[in-house]
Amino acid sequence: MTKTAIIFFALPTLAFAAEVPGKSGPVNLDTHIQPVLKQFCFDCHNPEKKKGDVDLTAIAANPKLEENREAWEKIAELISTREMPPEKKPQPKDAERDLVLHFIEGRLTSLDCKLEKNPGKVTIRRLNKAEYGNTIRDLLGVNFSAEDFPNDEVGYGFDNIGDVLSLSPLLMEKFLAAADDIVKKAIVVDAVGKPFAKRLRGDAFTSATDWVKPLDNHVLGLYREGDATAELKVPTKGEYIFKVKAYAELAGPDAPKLALRVDGKELGVFEVRNEGTSGVIYESRTALEPGTRKVAVAFLNNYKDQTNADPKRRGDRNVFVDSVEISGPAGSAPKLPESHQRLITRLPKPGQEKEVATEILKKFAARAYRRPVDDAEVARLVGFVELAQKNGGSFIEGIQVAVQATLCSPHFLFRWELDPAAMKVGDIRDLGDYEVASRLSYFLWSTMPDDELFRLAANGELRKNGNLEKQAARMVQDWRARDFVTNFAGQWLQIRNIWDTQVDPDAFPKFRDELKGMMREETELFFQAIMKEDRPLTDLLDADFTFLNEKLAKFYGIDGVKGDKFQRVTLPPNSPRGGVLTQASVLLSTSTPTRTSPVIRGKWILEQILGTPPPPPPPDVPPLQEQRAVNQTASLRQRLEQHRNHSECMGCHNKMDPLGFALENFDATGAWRDMDGKFQIDASGELSNGTKFSGARDLKKVLKGNKNFVRGLARKVMTYALGRGLEYADKCAVDAAVEQVEKNGGKFSSLITAIVTSDPFLRRKADIAQK
């Protein structure tokens with residue numbers, strides 16, 4: 001968006017400005033605009049001086065503004081940013097600045113709307129963190145959190161703006177690692193059961209006797225008659241082979257005898273004749289049923305004689321078990337996850353690998369790229385399968401590699417809108433159904449299109465017979481629309497990162513951080529109710545209900561709410577709550593850690609609620625002092641007078657501060673109060689047009705009656721839906737959306753429908769030459 005476009009979309013509303021002296025009837029160039037320019041501009045910008053090589057007298061004399069569009073846009077920019085007139089020259093009043101800006105905006109944009117509608121151009125958009133995780137979920141059925149990815153950049157208030165969603169080397173590394181992790185979860189390489197194999201070390205056996213015990217080298221020592229047992233989980237019915245590795249210390253006339261038993265049944269008795277620690281294998285077989293079995297080894301013939309006259313008969317007979325290895329039949333194939341079954345629809349017979357790989361990957365790539373794929377694209381992916389098999393891998397391993405490559409492709413990571421080769425820069429075209437399906441799904445769900453959207457796109461029916469409107473209505477009611485609440489409303493209201501807000505524990509010792517999550521939940525559930533119940537947009541500002549659990553209700557001083565679960569609560573008729581302005585998530589997010597800030601809250605209302613942000617503050621204005629000594633001698637309202645006493649600050653603060661003061665009964669954490677320290681709260685205010693109000697309830701009435709609320713919200717939603725900043729020509733679509741909302745009783749659905757059927761949403765201008 002150009003700087004001047006931002007100015008036009010952020011113009012302060014005349015309802016909040018002083019009346020224009022002498023204004024009667026429509027504003028026109030001769031009667032209203034030229035006198036202002038003559039008084040403040042013509043001295044420097046005339047045929048003789050032409051400062052900046054600009055003769056403003058000639059420009060202002062031409063009623064056809066479109067012939068000097070660039071000049072008028074520059075005039076608007078310089079007046080709005082207060083670069084002109086120069087600081088030491090006489091300055092126009094705010095109302096006079098507003099008058100000129102509104103005149104220029106109205107004339108230029110009305111001309112734009114009469115010409116061919118320009119849908120603007122959208123920069124190719126990378127999937128942001130939320131979109132990436134959701135798309136992986138819906139594409140493969142794998143839950144993946146992208147929280148350790150670098151934070152997405154924010155533009156125009158949102159993190160889905162194509163112009164700022166760059167791809168850094170670090171993020172590319174994250175994408176590569178994520179793809180590897182995801183395919184391992186999604187696809188089971190060993191999809192066929194393996195033969196059973198288990199090794200029980202000697203020290204895995206336990207005994208109730210002291211003379212049968214494990215040694216330091218993990219070997220089981222049996223020094224007298226006795227046994228030791230270990231558990232074995234048998235997965236499937238079949239024949240199992242037991243291999244006992246053992247050695248002995250020989251003594252007496254007989255060899256040590258070692259018995260092997262399973263569930264008390266003796267499988268064999270082995271004479272262990274070898275000495276040393278290398279051990280010999282003694283084998284036995286038996287049929288077993290599935291289940292947990294008790295395997296035992298037992299020493300049967302202990303011998304000890306240290307006094308025998310025959311030295312050969314002296315000694316201590318012992319036996320040692322190094323391990324017992326069990327092998328058996330292959331078990332049943334492991335349970336395949338849904339992701340595997342969804343992707344691997346069939347396995348190839350010998351010689352069919354390329355055919356089946358093509359079938360699988362063509363379907364997968366089309367969903368991953370969110371459009372039909374051509375044969376060359378599929379062939380490249382099949383090449384990964386062939387390469388994996390050539391290097392000794394299985395067919396499944398080859399599919400795994402191909403899927404990983406797909407997840408690293410720009411066609412997956414970016415939301416492409418490929419223009420035909422014949423298009424030139426500046427040409428305008430209708431988007432195809434697949435492109436519209438993606439715009440729609442990422443707008444309302446922050447994820448890829450579902451099967452129904454793909455079906456309509458494949459049949460060329462998405463934009464026919466009112467299907468687009470029907471799909472938008474369906475999608476708003478779907479559970480995935482919760483992401484629109486989280487990602488749009490969370491950023492519009494600036495509460496998504498509420499956990500990052502700080503509260504001074506000394507100033508608010510009773511506040512607990514756990515309340516932050518509850519505050520955000522209240523606002524999200526409230527916004528969701530407005531959306532799904534298709535209530536008027538103005539209910540966002542004032543409603544007789546909210547959503548609370550017991551802890552948040554107690555914080556608000558509302559009785560009758562029990563339990564941790566959030567529930568819909570009807571507010572008392574005299575409640576100061578109701579609407580997002582008085583929800584703690586917003587009040588906390590627009591405060592400082594130690595106190596409220598009428599300036600921040602007022603600025604937030606102008607920017608987020610009315611869409612009319614004030615210009616940036618002039619340089620070298622000292623910050624408001626917050627020392628406790630000052631707090632004790634003057635109220636916050638009195639201290640703010642120091643800003644309004646600055647001539648450079650007065651205009652903006654006269655618009656911001658009264659709005660913020662109306663919320664002063666809510667402290668920095670959003671709790672109700674009647675006093676600020678020792679000072680009585682004064683929540684009264686007066687707008688520059690003379691409108692007076694006192695407290696939050698009056699303020700909400702004023703804002704509900706201001707048409708800029710719906711217009712500002714429409715601009716915010718359209719910015720989020722398009723993934724770009726708005727331009728001049730977008731004002732035509734915004735105007736149409738506002739008109740449609742008004743015709744339909746201000747309903748939420750009217751705004752969504754107006755946006756998804758608008759030219760900027762359904763068309764695009766080519767901005768890159770095709771090759």
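Predicted model, so just to flag it, every value in this text is computed and none were measured.

### Some details on the overall build of the chain
Item 1. Scanning the chain for helices and strands turns up 28 helices and 21 strands.
Item 2. Relative to the globule expectation of 28 Å for 771 residues, the C-alpha radius of gyration of the chain, 38 Å, shows a markedly less compact shape.
Item 3. In terms of its C-alpha atoms, the chain occupies a principal-axis envelope of roughly 135 × 70 × 50 Å.
Item 4. Every one of the 771 residues in the chain was classed for burial, and the buried ones make up 51%.
Item 5. In the chain, once contacts between residues fewer than 6 apart in sequence are set aside, the share between residues at least 24 apart is 71%.
Item 6. Accessible area for the chain stands at about 36,400 Å²; split by element, carbon and sulfur atoms hold 51% of it.
Item 7. Looking at charge distribution, the chain has the averaged site of its 110 positive side-chain charges lying 1 Å from that of its 109 negative ones.

### Some details on the sheet that holds strand β7 (residues 257-262)
Item 1. Sheet architecture is open: four strands sit in the order β5-β10-β7-β8, paired in antiparallel fashion. Edge positions in the sheet fall to β5 (226-234) and β8 (265-271), since each has one partner strand and no second. Averaged over all adjacent pairs, the angle separating strand axes in this sheet is 20°, with direction ignored.
Item 2. Relative to β8, β7 runs antiparallel, the two sharing six bridges. For Lys257, the partnering residue across the bridge sits in β8 and is Glu271.

### Considerations on a nonpolar patch on the surface
Item 1. Where nonpolar side chains cluster on the molecular surface, the patch consists of Ile124, Trp416 and Leu418 and spans about 260 Å² of accessible area.
Item 2. Inspection of the secondary structure assignment puts Trp416 in the loop between β13 (414-415) and β14 (428-430).
Item 3. By relative accessible area, which is 37% here, Trp416 ends up partly exposed.

### Quick look at helix α9 (residues 353-369)
Owing to its 3.6 residues per turn, the α-helix aligns residues three or four sequence positions apart on the same side.
Item 1. Between its first and last C-alpha atoms α9 spans 23 Å; for 17 residues at 1.5 Å apiece the expected length is 24 Å, and the two agree.
Item 2. At the exit of α9 stands Arg370, carrying a positive phi of roughly 65°.

### Observations concerning empty space enclosed by the protein
Item 1. Counting across every chain of the model gives three cavities of 30 Å³ or more.
Item 2. The volume enclosed by the largest cavity comes to roughly 60 Å³.
Item 3. Lining of the largest cavity is provided by Val36, Leu37, Phe40, Cys41, Ile79, Met84, Pro85, Pro92, Glu96, Arg97 and Val100.
Item 4. Of all the elements in the fold, those that place two or more residues in the lining of the largest cavity are α2 (29-40) and α5 (94-114).
Item 5. Looking at the lining of the largest cavity residue by residue, the class counts come to nine nonpolar, no polar and two charged.

### Some remarks on unusual backbone geometry
Item 1. Despite not being glycine, Lys50 shows a phi value in the positive range, around 45°.
Item 2. Structurally, the position occupied by Lys50 is in the loop between α2 and α3 (56-61).

### A look at the pattern of salt bridges
Item 1. The final tally for this structure, using the stated rule, is 52 salt bridges.
Item 2. Residues Arg293 and Asp263 are paired through a salt bridge, measuring 3.5 Å at the closest nitrogen-oxygen approach. With Arg293 in strand β10 (residues 291-299) and Asp263 in the loop between β7 and β8, this residue pair connects regions lying 30 residues apart in the sequence.
Item 3. By relative accessible area, Arg293 is classed as buried at 18%.
Item 4. Owing to a relative accessible area of 45%, Asp263 belongs among the partly exposed residues under this scheme.
Item 5. For Arg480, the salt bridge identified is with Asp478, shortest N-O distance 2.9 Å. Residue Arg480 shares its accessibility class with Asp478, and that shared class is buried.

### As for the environment of Asn549
Item 1. Mapping Asn549 onto the fold places it in the loop between β15 (545-548) and α18 (550-556).
Item 2. Residues in contact with Asn549, not counting those within four places in the same chain, are Met518, Val561, Gly563, Asp564, Lys565 and Phe566.
Item 3. A polar contact of 3.2 Å, which involves the side chain of Asn549, links it to the backbone oxygen of Asp564.

### So, the packing of α9 against helix α10 (residues 375-390)
Item 1. Running from N to C, α9 and α10 point in directions that differ by 130°, and their axes come no closer than 9 Å. For the element pair α9 / α10, the angle class is oblique. Like other packed secondary-structure pairs, α9 and α10 cross with a definite hand, here right-handed. Where α9 abuts α10, its residues Glu353, Lys354, Ala357, Thr358, Leu361, Lys362, Ala365 and Tyr369 lie against Glu377, Val378, Leu381, Val382, Val385, Glu386 and Gln389.
Item 2. Of the residues belonging to the contact of α9 with α10, the class tally is eight nonpolar, two polar and five charged.

### A word on the packing of aromatic side chains
Item 1. Taken as a whole, this structure holds 29 aromatic pairs when the rule is applied.
Item 2. Note on Tyr434 and Phe454: the rings are 6.3 Å apart at their centroids and 45° apart in plane angle, and the pair reads as tilted. Taken together, the residues span a long stretch of sequence, with Tyr434 in helix α13 (residues 433-444) and Phe454 in helix α14 (residues 451-458) at a distance of 20 residues.
Item 3. Site record: aromatic cluster; members linked through ring pairs are Phe158, Phe443, Phe484, Phe488, Trp492, Phe527, Tyr720, Phe748 and Phe761.
Item 4. Over the ring of Trp445 we find Arg480; its NZ or CZ atom is 4.0 Å from the centre of that ring.

### Side note on the nonpolar core
Item 1. Counting 101 residues, the largest nonpolar core has Phe443, Leu444, Phe484, Phe488, Ile609 and Phe709 as the members making the most contacts within it.
Item 2. Counting residues in hydrophobic clusters, the runner-up holds 45 residues, among them Phe149, Ala179, Ile360 and Phe412.

### Describing the state of the cysteines
Item 1. According to the stated counting rule, one finds zero disulfides in the structure shown.
Item 2. With no disulfide partner, Cys41 has as its closest neighbouring cysteine sulfur the one in Cys44, 8.6 Å distant.
Item 3. Here Cys41 falls in the buried class, since its relative accessible area comes to 16%.

### A word on helix α7 (residues 169-186)
Item 1. For α7, which comprises 18 residues, the first-to-last C-alpha distance of 26 Å matches the rise-based estimate of 26 Å (1.5 Å per residue) to within 8%.
Item 2. Among the structural elements, β1 (125-126), α6 (129-140), α8 (338-343), α11 (395-407) and α12 (410-413) are those in contact with the buried residues of α7.

### Examining the environment of Ala357
Item 1. Tracing the backbone through its elements, the reader meets Ala357 in helix α9.
Item 2. For Ala357, a relative accessible area of 0% corresponds to the buried category.
Item 3. On a C-alpha basis, the gap between Ala357 and Arg346 in space is 9.6 Å, while along the polypeptide they are 11 residues apart.

### Structural notes on the confidence of the model for the chain
Item 1. Averaged over all residues, the pLDDT of the chain equals 89, while 90% of them reach at least 70.
Item 2. Considering only residues more than four positions removed or in separate chains, one finds that residues 12-24, a stretch of pLDDT under 50, has 30 contacts.
Item 3. When the criterion is pLDDT under 50, residues 626-630 qualifies, and its contacts beyond four places in sequence or with other chains add up to seven contacts.

Cut-off values and rules
- Residues numbered from 1 in each chain as written.
- Predicted model: local features only at pLDDT ≥ 70, side-chain atom pairs only at ≥ 80, totals over all residues.
- Heavy atoms only, no water.
- Helix = DSSP H or I, 4+ residues; strand = E, 2+ residues; numbered from the N terminus.
- Rg over C-alpha atoms; globule rule 2.2 N^0.38 Å.
- Buried < 20%, exposed > 50% of the residue type's maximum accessible area, 1.4 Å probe, protein only.
- Contact = heavy atoms within 4.5 Å.
- Areas by Shrake-Rupley, 256 points an atom, 1.4 Å probe, with all protein chains shown as cover.
- Lys, Arg positive; Asp, Glu negative; His and termini not counted.
- Charge placed at Lys NZ, Arg CZ, Asp CG, Glu CD.
- Pairing = 2+ DSSP bridges.
- Axes fitted to C-alpha atoms, helices over the stretch in contact; angles between N-to-C directions.
- Patch = residues over 30% accessible without salt bridge, like charges linked within 9 Å, V, L, I, M, F, W, Y side chains within 5 Å.
- Salt bridge = Lys/Arg side-chain N within 4 Å of Asp/Glu carboxyl O.
- Expected span 1.5 Å × (residues − 1).
- 1 Å grid on protein atoms, 1.4 Å probe; cavity = no way out; pocket = protein on both sides within 12 Å on 5 of 7 lines; lining within 4 Å.
- Points joined across faces, edges and corners; volume = space filled by probe spheres on them.
- Nonpolar A, V, L, I, M, F, W, Y, C, P; charged D, E, K, R; others polar.
- Polar contact = N/O pair within 3.5 Å; in protein donor to acceptor, adjacent residues only side chain to side chain.
- Parallel < 35°, antiparallel > 145°, perpendicular 65-115°, else oblique.
- Left-handed = near helix turned anticlockwise from the far one by under 90°.
- Phe/Tyr/Trp six-rings, centres within 6.5 Å; stacked < 30°, edge-to-face > 60°.
- Lys NZ or Arg CZ within 6 Å of the ring centre and 35° of its normal.
- Core = buried A, V, L, I, M, F, W, Y, C linked by side-chain atoms within 4.5 Å.
- Disulfide = S-S within 2.5 Å.
- pLDDT = per-residue confidence, 0-100.

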